[in-house]
Amino acid sequence: MARRKKIYEGKAKILYEGTEPGTIVQYFKDDATAFNAEKKDVIDGKGVLNNRLSEYFMTGLTQIGVPNHFIRRLNMREQLVRNCEIVPLEVIVRNYAAGTMSKRLGIAEGTQLPRPIVEYCYKDDSLGDPLVTEEHIAAFGWASQQDMDDILSLALRVNDFMSGVMLAVGIRLVDFKIEIGRVFDGDYQRLIVADEISPDSCRLWDIETGQKLDKDVFRRDLGNLTDAYSEVARRLGVLPNSNVTKPTLIN
Ligand code: 5GP
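Computed from a predicted structure; not experimentally measured. (Residues numbered from 1 in each chain as written. Predicted model: local features only at pLDDT ≥ 70, side-chain atom pairs only at ≥ 80, totals over all residues. Heavy atoms only, no water.)

1. Section: helix 1 (residues 46-63)
Consideration 1: End to end, helix 1 covers 26 Å across 18 residues, agreeing with the expected 26 Å (1.5 Å per residue, within 8%).
Consideration 2: Burial analysis of helix 1 places 14 of its 18 residues in the buried class, the great majority of the element.
Consideration 3: Looking one or two places after helix 1, you find Gly65, whose phi comes out positive at around 85 degrees. (Helix = DSSP H or I, 4+ residues; strand = E, 2+ residues; numbered from the N terminus. Expected span 1.5 Å × (residues − 1). Buried < 20%, exposed > 50% of the residue type's maximum accessible area, 1.4 Å probe, protein only.)

2. Details of helix 4 (residues 145-167)
Consideration 1: Between its first and last C-alpha atoms helix 4 spans 33 Å; for 23 residues at 1.5 Å apiece the expected length is 33 Å, and the two agree.
Consideration 2: Taken residue by residue, helix 4 has Asp147, Met148, Ile151, Leu154, Ala155, Val158, Asn159, Phe161, Met162, Val165 and Met166 as its buried positions.

3. Comments concerning the site of the ligand
Consideration 1: By nearness alone, 15 residues border the ligand, and Arg94, Thr100, Asp175, Arg203 and Arg219 come closest of all.
Consideration 2: Between the ligand and Glu90 there is a distance of 3.2 Å, counted from an oxygen atom to a side-chain nitrogen or oxygen.
Consideration 3: Thr100 places a side-chain nitrogen or oxygen 2.5 Å from an oxygen atom of the ligand.
Consideration 4: For the shell around the ligand, the secondary-structure elements that each account for two or more residues are strand 9 (89-96), helix 2 (99-105), strand 12 (171-185) and strand 14 (202-206).
Consideration 5: Grouping the amino acids of the shell around the ligand by side-chain chemistry returns four nonpolar, three polar and eight charged. (Near = heavy atom within 4 Å. Polar contact = N/O pair within 3.5 Å; in protein donor to acceptor, adjacent residues only side chain to side chain. Nonpolar A, V, L, I, M, F, W, Y, C, P; charged D, E, K, R; others polar.)

4. Some points on the pattern of salt bridges
Consideration 1: Under the definition given, this model contains 32 salt bridges.
Consideration 2: Measuring nitrogen to oxygen at the nearest pair gives 3.2 Å for the salt bridge that ties Asp125 to Lys11. With Asp125 in the loop between strand 10 (112-122) and strand 11 (131-132) and Lys11 in the loop between strand 1 (6-9) and strand 2 (13-17), this residue pair connects regions lying 114 residues apart in the sequence.
Consideration 3: For Asp125, a relative accessible area of 38% gives the class partly exposed.
Consideration 4: Since its relative accessible area comes to 35%, Lys11 is described here as partly exposed.
Consideration 5: A salt bridge links Glu179 to Lys123, with the nearest nitrogen and oxygen atoms 3.3 Å apart. Here Lys123 lies in the loop between strand 10 and strand 11 and Glu179 lies in strand 12, a separation of 56 residues in the sequence.
Consideration 6: Counted as one network, the salt bridges with shared partners bring together Arg94, Arg104, Glu109, Glu119, Asp175, Arg203, Asp216, Arg219 and Arg220. (Salt bridge = Lys/Arg side-chain N within 4 Å of Asp/Glu carboxyl O.)

5. Observations regarding the environment of Val132
Consideration 1: Along the polypeptide, Val132 turns up in strand 11.
Consideration 2: When the C-alpha positions of Val132 and Leu105 are compared, they lie 16 Å apart, and in sequence the two are 27 residues distant.
Consideration 3: Non-local contacts of Val132, meaning those with residues more than four positions away in its chain, are made with Leu89, Tyr120, Cys121, Tyr122, Ile137 and Trp142. (Contact = heavy atoms within 4.5 Å.)

6. What to know about unusual backbone geometry
Consideration 1: Look at Asp129: it is not a glycine, yet its phi comes out positive at around 45 degrees.
Consideration 2: Tracing the sequence through the fold places Asp129 in the loop between strand 10 and strand 11.
Consideration 3: Residue Asp195 is not a glycine yet carries a positive backbone phi of 65 degrees.
Consideration 4: With respect to the helices, strands and loops of the structure, Asp195 is situated in the loop between strand 13 (188-194) and strand 14.

7. Quick word on the domain arrangement of the chain
Consideration 1: For the chain, the assigned domains are domain 1 (6-82) and domain 2 (85-224).
Consideration 2: Each of domain 1 and domain 2 has a C-alpha centre, and the two are 17 Å apart.
Consideration 3: Between domain 1 and domain 2, roughly 2400 Å² of surface is buried when both sides are summed, and carbon and sulfur atoms account for 61% of that area.
Consideration 4: Inspection of the domain 1/domain 2 interface yields six salt bridges.
Consideration 5: Across the pair Glu196 and Lys13 runs a salt bridge whose closest N-O atoms are separated by 2.6 Å.
Consideration 6: Scanning the region where domain 1 abuts domain 2 turns up 17 residue pairs in polar contact (both at pLDDT 80 or more). (Domains from an automatic or database assignment. Buried area = accessible area lost by both parts, 1.4 Å probe.)

Here it is, written out as structure tokens:
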């Protein structure tokens, strides 16, 4: 059997050469890391859940016309996605103060922000993904002004979609991070949502109890991460509506 070509291995995913031209296979690992990989563990079932949840969110985005890299799920841990050139920015949208914003600005976690706030971090693990401004982005040529307009619009559309989807199942979307890819359609280039959207890259709090259902459970040692992600999946109907402790997939 021919061995497929590994293109890249990150902290939570492995990318392999795709089965069709212009595609990539995205494999979701069970590895969890936090604080720039200072804290590490293997969480049984996390990769399976994130593969399903990212499929769910990306498919919904496609349905409302937000371009993204998702093509189809291949199996429990893998999905076929469009190959794109990743813009070296982490695009963060915040609806409520939490995490680094609370630390940096001294705003209590959970404070509602006057409007969604979009932040950009330069993607470089060796620097700890530092916060940058549009001035840095333009001056260093990471993205053009037109790109920045498109990125802002994509980020806000993802925020509206994700906030609504989560609200419908009693979850508050506190903040999230997305990555953006550049693709070429003939002579034209456009920007699409890439990477993943999952509880690894969002803050999700139960609206009633404030219970954390995201990667902060791992970062802050608040309990079992798979249980938290399974709860999100169960509420969204991605997992059967039973007392699942392990991810059991419907079809
Ligand atoms: P903060 O800046 O408060 O640490 O993170 C803001 C939001 O972006 C959180 O939802 C967090 O999960 C997400 N985020 C920030 N940096 C990363 C990252 O390097 N990887 C992932 N998966 N999510 C991130």
